[in-house]
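Topology and contacts: notes
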Amino acid sequence: MTEMRYEAPTTLDDAVALLADSKGSTTVLAGGTDVLVQIHMDLIEPDLIVDIKNIKELTAIKKEKGGYRFGAAVSGVELMDHEDFCQTWPGVMDGVKLIGSIQVKGRASVGGNVCNASPAADSVPALIAAGATATIVGPKGKREIPVEEIATGPGQTSLKDGELVVSFFLPNSPAGSGGAYQRFTPRTEMDIAVVGVGINLTLGDDGVCSAAKVALGAVAEKVLVVEEAAAALVGTQVDEAALDNLAAAASAACRPIDDKRGTKEYRIKVAGVLARRVALIALERAQGGQK
Amino acid sequence: MKKHHISATINGDEVDFLCETSETLLDVLRDDLNLTGAKEGCGTGDCGACSVTLDGVLVCSCLVLGVEAEGKEIETIEGMADGDELHPLQRKFVEHIALQCGICTPGLLISARSLLEKNPDPTEEEVRFGLAGNLCRCTGYQNIIKAVMDAAQEMRGA
């Protein structure tokens, strides 16, 4: 392996300067559970590794006016140990808890899960359904975008040279909201989603769904936001007919590949079945006053 | 090639070492510090044979760079027994014959200790989920689960 430079800046400005000034290939290191594997397998050979775990904006979890913010380098275990966050965002945590083993979650960050840009990333549909935005910094300053605009295809993101995801913001949901994420895998642990579904919905006082967001993972080149599936829930009491329409809309939106985890036909079928199940969990949480 | 000078605490001892950026913590432990208890099974974080704790958090040492250990406290299998006295988990692994080839054992013991620190009274299902990141290709896990459940009971003073 060739010589790699390692830097661990302590401020965002220093991190951006390092990323922007780098001449060769650069890799951002958060938990390293993807990056180190990619180095080990000779998939990448970075000239510079920028470790972002010593920057406070990237490692904080805090309540802000209007929502929750957590740093892109916060590990899964840190989120799992944060009781209030877990109670507030059980749907997001459904996804986070499925990222690898306990050992992997001890290091792996949500920022890494998003920026690794796997279509099967477990935290991504959950974040998107919850309406999460990402704060990005770069040589031209700061910008805020919805999480669904980061990944553009397998391993590809919309981040420009020198840009870095700093944190995620989860806006407070109205009362009567609930969210959930589930994935289908042949094994119960340590597997990669064949299909993943994240759904957040809000019920009015009359029990009628007033808002919904549905995100599907592992059924396209990136996580899909399916407006037709959300529309199938809005205006209903999330009854059997609505769930049938949701399942049909979810299946119709899929454009998966065949691979060793499942065929196209199988993924399309499972997406509908899983969307129905996830909607019921989100509904139960919405009725229970959880988000 | 310029090496990084890293200071860390390993099993309570202050340790200094030199490493290149590309060296993992597992490489450093095994090749530079002669702490060969942690094993390299896969090198990709799937098998857990290299499990150690880093500032109390269970990690795969193959997925941590040596340079990231600066200022950190690391616990490895070599620090688990108290002199000649085995940790209850180690004793129960022997009693229940919870190993065959032994490659996965150091990682399983570190993971099991970490699990019991967080959850001293786990159900069998919680033990199975908690140890899902540690693969054993010999035993079929049955005796490992028994050993951990038995050790947990003893450690609770039951």
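Residues numbered from 1 in each chain as written. Chains lettered and ligands numbered in written order. Predicted model: local features only at pLDDT ≥ 70, side-chain atom pairs only at ≥ 80, totals over all residues.

Okay, the interface of chain A and chain B next. Accessible area lost when the parts come together is the quantity often used to give the size of an interface. Each partner contributes residues to the interface: chain A has 23 residues there, and chain B has 23 residues. Of all elements in the fold, only strand 1 (5-7), helix 2 (35-40), strand 3 (48-51) and helix 7 (102-105) of chain A reach the threshold of two or more residues within the side of chain A that touches chain B. (Contact = placed C-beta atoms within 7 Å. Helix = DSSP H or I, 4+ residues; strand = E, 2+ residues; numbered from the N terminus.)

Attention shifts here to unusual backbone geometry. In this model, V238(A) sits at a positive phi of 55 degrees, which is unusual for a non-glycine residue. Residue placement: V238(A) occurs in the loop between helix 10 (227-233) and helix 11 (240-253). In this structure, Y141(B) takes a positive phi of about 75 degrees despite not being glycine. Positionally, Y141(B) belongs in the loop between helix 4 (124-130) and helix 5 (142-155).

Residues and elements named next belong to chain A. With respect to topology, five strands assemble into an open sheet ordered 4-5-10-6-7, the strand pairing being antiparallel. Whereas interior strands pair on both sides, the edge strands pair on one side only; in this sheet they are strand 4 (61-64) and strand 7 (141-146). With strand direction ignored, the average angle separating the axes of adjacent strands in the sheet is 25 degrees. One ladder, built from five bridges, connects strand 6 (residues 133-138) with strand 10 (residues 164-171); its direction is antiparallel. Its bridge partner being in strand 10, A134 is matched across the sheet by F168. Each of strand 6 and strand 10 is contacted by helix 1 (residues 12-21), which is oriented at about 130 degrees to strand 10, the strand it contacts most. (Pairing = 2+ DSSP bridges. Axes fitted to C-alpha atoms, helices over the stretch in contact; angles between N-to-C directions.)

Residues and elements named next belong to chain A. As far as domains go, chain A holds domain 1 (5-50), domain 2 (60-171) and domain 3 (177-287). The C-alpha centroid of domain 2 is placed 18 Å from the C-alpha centroid of domain 1. At the interface, eleven residues of domain 1 touch 17 residues of domain 2. Broken down by element, the residue count for the side of domain 1 that touches domain 2 peaks at five residues, all from helix 1. Looking at the side of domain 1 that touches domain 2 residue by residue, the class counts come to seven nonpolar, three polar and one charged. (Domains from an automatic or database assignment. Nonpolar A, V, L, I, M, F, W, Y, C, P; charged D, E, K, R; others polar.)

We now examine the sheet that holds strand 2 (residues 13-19) of chain B. Residues and elements named next belong to chain B. Across the sheet, five strands lie side by side as 2-1-5-3-4; this open sheet has mixed pairing. Each edge of the open sheet is held by one strand with a lone partner, namely strand 2 and strand 4 (57-60). Here the strands of the sheet are splayed against their neighbours by 40 degrees on average, with no regard to which way each runs. Taken together, the four bridges between strand 3 (residues 51-54) and strand 4 define a ladder with antiparallel strand orientation.

Residues and elements named next belong to chain B. Split into domains, chain B comes out as domain 1 (4-79) and domain 2 (88-155). Here the C-alpha centroids of domain 1 and domain 2 sit 21 Å apart. Tallying the contact residues gives 13 residues for domain 1 and eleven residues for domain 2. For the side of domain 1 that touches domain 2, a count of residues per class yields seven nonpolar, five polar and one charged.

Time to look at the pairing of strand 2 (residues 26-29) of chain A. Residues and elements named next belong to chain A. Both strand 2 and strand 3 contribute to a ladder of four bridges, which runs parallel. From the neighbouring strand, V28 faces strand 3, where its bridge partner is V50. A crossover connection joins strand 2 to the parallel strand 3 through helix 2; in handedness this β-α-β unit is right-handed. (Right-handed = clockwise from strand over helix to strand, strands pointing away.)

All names here are of chain A. Compared with an ideal rise of 1.5 Å per residue, which puts 24 residues at 34 Å, helix 12 (residues 264-287) spans 35 Å between its outermost C-alpha atoms and is within 8% of the ideal. Every buried residue belonging to helix 12 is among R267, V270, A271, G272, L274, A275, V278, A279, A282, L283 and A286, and all of these are buried. Looking at the buried side of helix 12, the elements it contacts are helix 6 (90-96), strand 11 (177-184), strand 12 (195-203), strand 13 (209-217), helix 10 and helix 11. (Expected span 1.5 Å × (residues − 1). Buried ≥ 20, exposed ≤ 12 C-beta atoms within 10 Å, placed from the backbone.)

Our focus in this paragraph is helix 11 of chain A. Between its terminal C-alpha atoms helix 11 of chain A stretches 20 Å, which fits the 20 Å expected from 14 residues at 1.5 Å a residue. Along helix 11 of chain A, the residues classified as buried are A242(A), L243(A), L246(A), A247(A), A249(A), A250(A), S251(A) and A253(A).

This paragraph deals with the nonpolar core. Residue and element names in this part refer to chain A. Membership of the largest hydrophobic core comes to 144 residues, with the highest contact counts inside it found for I199, V214, L216, L246, A250 and A275. Per element, the largest residue contribution to this core is nine residues, and it comes from helix 12. Among all residues touching A250, those that are not within four sequence positions of it are V214, L216, V226, A229, A271, G272 and A275. (Core = buried A, V, L, I, M, F, W, Y, C linked by C-beta atoms within 7 Å.)

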